[in-house]
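Examining the three-dimensional arrangement
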Amino acid sequence: MREKQLVSVVMSCYRESPEQLQQSISSVLNQTYRDLELIIILDDPLNLELEQLIQHAASDTRVSFIKNELNIGLAASLNKGIERSRGAYICRMDADDVSDESRIDTQLEYLVANKLDLVGSYLNVIDEASRPLYSVSNLPIKPESIKCALRFNNCVPHPTWFGRREVFMGGYRMVAYAEDYDFILRAIEEGYAIGNVPAPLLKYRMTEKSISRSNLYKQYLTQVALTSAFARQGLRGTDIRQIQEYVDSRYDEKAARKYAEANMLFNRALNHVRQKNYLAAMLGFAQIPLCSAAYLGKVIRLFRAAIS
């Protein structure tokens, strides 16, 4: 029988709806794996509604609450949670997602059995009302395939991460819009073995705001800069300022708007596929290269990662 060890679940919240945050917290506290702590960092110190909700949740002694004095962003908030954590393993969780009740049990068993250092998993995408949209199950599973795929795109979804404590000790760098991609590329450089559990263990919430947000284009440019640096010299030798300079030199407001529009077309086309409305899906996909060449580049990177 596997010896029980403490798992630290690290969650940063900002302006999620109270209902969604409550769902997320409940999905952690109701895990079949009971030896856990949940560390919640509130990155909006003026959000009294979320603060009261978290304080109520902290009546469960497994919950630890950190309130930032100022908004410091996701990466810095997660680093604070990692510093506070006590577990032999660390599990990531977003404040509007929902974990399967057996997520921790399943990921820990898979990680140990396959001698891995960090794992993600497949996921099911839901909308703001928790209605199913589509599943993400075309991710590479084995470390060799993941290492190849990471040259093009992050194929280990950040909200599904579960890993050994030492993997997280290097912390997140302040790489705007792609701190997770930077983290996992550096983990590959350090020689850590990374896998994906071939089962959907998380419901990932896709909102209209997340689909259309203007920083999607900056995120894409940052990913391109990271993969370029990773292939050329490795990220340990790359200053964050170099990444930001690359993004700033190529950013354009019109291109950002067109990229966001293409992202909406792509997600609507995926919904048509789910509904078996294949003609509408084909028409939607066909509009993408006409709308944004950069987004077409993103789709190509996704495809290359999927076949790696």
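None of the values given here were measured: they were computed from a predicted structure.

The next point concerns a nonpolar patch on the surface. A cluster of nonpolar side chains, namely Val273, Tyr278 and Phe285, defines an oily patch on the protein surface of about 260 Å² accessible area. Mapping Phe285 onto the fold places it in helix H12 (residues 278-291). According to the relative accessible area criterion, Phe285 is partly exposed, its value standing at 31%.

Examined bridge by bridge, strand E2 (residues 36-42) and strand E3 (residues 63-67) share five bridges and lie parallel to one another. Directly across from Ile41, in E3, lies its bridge partner Ile66. Running through helix H2 (residues 48-57), the crossover from E2 to the neighbouring parallel element E3 is right-handed.

Because side chains alternate across strand E4 (residues 89-92), one face comprises the buried residues Tyr89 and Cys91, and the other comprises Ile90 and Arg92, equally buried. Pairing geometry for strand E1 (residues 7-13) and E4, over four bridges, is parallel. Residue pairing in the sheet places Ser8 in a bridge with Ile90 of E4. Of the strand pairs in this sheet, E4 and strand E8 (residues 162-164) are connected by three bridges, and their pairing is antiparallel. Counted as the bridge partner of Tyr89 is Arg164 from E8.

Here we take up the packing of aromatic side chains. Under the criterion given, the structure shown has 11 aromatic pairs. Measuring from ring centre to ring centre gives 5.2 Å for Trp161 and Phe183, while their planes differ by 40°; the resulting arrangement is tilted. One end of the pair, Trp161, is in the loop between helix H5 (143-149) and E8; the other, Phe183, is in helix H7 (residues 179-189), with 22 residues separating them in the sequence. Classification of Trp161 as buried rests on a relative accessible area of 0%.

This brings us to the pattern of salt bridges. A complete count under the given rule lists 11 salt bridges for this structure. Put simply, Glu51 and Lys67 hold a salt bridge, and the shortest N to O gap is 3.0 Å. Here the residue Glu51 occupies a position in helix H2, and Lys67 occupies one in strand E3, the gap between them amounting to 16 residues. Given a relative accessible area of 11%, Glu51 falls into the buried group. Across the pair Asp60 and Arg62 runs a salt bridge whose closest N-O atoms are separated by 2.9 Å.

Parameters at a glance
Residues numbered from 1 in each chain as written. Predicted model: local features only at pLDDT ≥ 70, side-chain atom pairs only at ≥ 80, totals over all residues. Heavy atoms only, no water. Patch = residues over 30% accessible without salt bridge, like charges linked within 9 Å, V, L, I, M, F, W, Y side chains within 5 Å. Areas by Shrake-Rupley, 256 points an atom, 1.4 Å probe, with all protein chains shown as cover. Salt bridge = Lys/Arg side-chain N within 4 Å of Asp/Glu carboxyl O. Helix = DSSP H or I, 4+ residues; strand = E, 2+ residues; numbered from the N terminus. Buried < 20%, exposed > 50% of the residue type's maximum accessible area, 1.4 Å probe, protein only. Pairing = 2+ DSSP bridges. Right-handed = clockwise from strand over helix to strand, strands pointing away. Phe/Tyr/Trp six-rings, centres within 6.5 Å; stacked < 30°, edge-to-face > 60°.

Such coordinate-based values are descriptive only and should not be taken to indicate function.
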